[in-house]
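# Observations on chain architecture
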Amino acid sequence: QVQLVESGGGLVQPGGSLRLSCAASGRIISINGMSWYRQAPGKQRELVAAISAGGSINYADSVKGRFTISKNNAKKTAYLQMDSLKPEDTAVYYCSAPILVLGKTWSDYWGQGTQVTVSS
């Protein structure tokens, strides 16, 4: 069984910062990059940032210059540093990754999500 567990969400004032973490665990052979998505109430889930296995990075235009994605391969963990937060960043944040599990084929896995609320 493979799990992606997010942490680090919470309530922050506009202009503040949060750091999200996503830790993968289980009988993992390989992880082919990790991504962060978010879903605000009444809106579709959107890609926020992605980092490939080789370290290539992409960001949504709405977060460029404010969010930073990184990963620690040894810890099987991805991070999302969020600075200069705005009320419109309020959403449930999810991490996702294509993972090769022992005895299985590649599959996409998702975490349970962590709530980020930006409000004064």
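Since we're looking at a predicted model, the values are computed, not measured. (Residues numbered from 1 in each chain as written. Predicted model: local features only at pLDDT ≥ 70, side-chain atom pairs only at ≥ 80, totals over all residues. Heavy atoms only, no water.)

## Examining the overall build of the chain
When you go through the chain residue by residue, the secondary structure sums to zero helices and 12 strands. For the chain, the N- to C-terminal ordering of α and β elements is β-β-β-β-β-β-β-β-β-β-β-β. By the compact-globule yardstick of 14 Å for 120 residues, the chain fits well, its C-alpha radius of gyration being 14 Å. Looking at the chain as a whole, 39% of its 120 residues are labelled buried. Relative to all contacts within the chain whose residues are 6 or more apart in sequence, the contacts with residues 24 or more apart total 55%. Entry remark: accessible area of the chain is about 6,400 Å², with carbon and sulfur atoms responsible for 47%. When the 12 basic and 7 acidic side-chain charges of the chain are each reduced to a single mean position, those positions are 9 Å apart. (Helix = DSSP H or I, 4+ residues; strand = E, 2+ residues; numbered from the N terminus. Rg over C-alpha atoms; globule rule 2.2 N^0.38 Å. Buried < 20%, exposed > 50% of the residue type's maximum accessible area, 1.4 Å probe, protein only. Contact = heavy atoms within 4.5 Å. Areas by Shrake-Rupley, 256 points an atom, 1.4 Å probe, with all protein chains shown as cover. Lys, Arg positive; Asp, Glu negative; His and termini not counted. Charge placed at Lys NZ, Arg CZ, Asp CG, Glu CD.)

## Digging into the state of the cysteines
Applying the stated criterion to the full structure yields one disulfide. Through a disulfide, Cys22 is tied to Cys95; the S-S separation comes to 1.9 Å. Here the S-S torsion is close to 60°, and the disulfide linking Cys22 with Cys95 is therefore right-handed. Separated by 73 residues along the polypeptide, Cys22 in strand β3 (residues 18-25) and Cys95 in strand β10 (residues 91-101) bring together distant segments of the chain. Pair check on accessibility: Cys22 and Cys95 agree, each one buried. (Disulfide = S-S within 2.5 Å.)

## Here we look at the pairing of strand β12 (residues 114-118)
Residues Thr114, Val116 and Val118 point to one face of β12 and are all buried, whereas Gln115 and Thr117, pointing to the other face, are not buried. With three bridges joining them, strand β2 (residues 10-12) and β12 adopt parallel strand pairing. Paired with Gly10 across the strands is Val116, a residue of β12. (Pairing = 2+ DSSP bridges.)

## Concerning the packing of aromatic side chains
Applying the stated rule across the entire model yields one aromatic pair. Pairing Tyr37 with Trp110 gives two aromatic rings, centres 4.9 Å apart and planes at 50°, and the pair type is tilted. Highlighted residues: Tyr37 in strand β5 (residues 34-39) and Trp110 in strand β11 (residues 106-110), separated in sequence by 73 residues. By relative accessible area, which is 22% here, Tyr37 ends up partly exposed. (Phe/Tyr/Trp six-rings, centres within 6.5 Å; stacked < 30°, edge-to-face > 60°.)

Keep in mind these numbers describe shape, not what the thing actually does.
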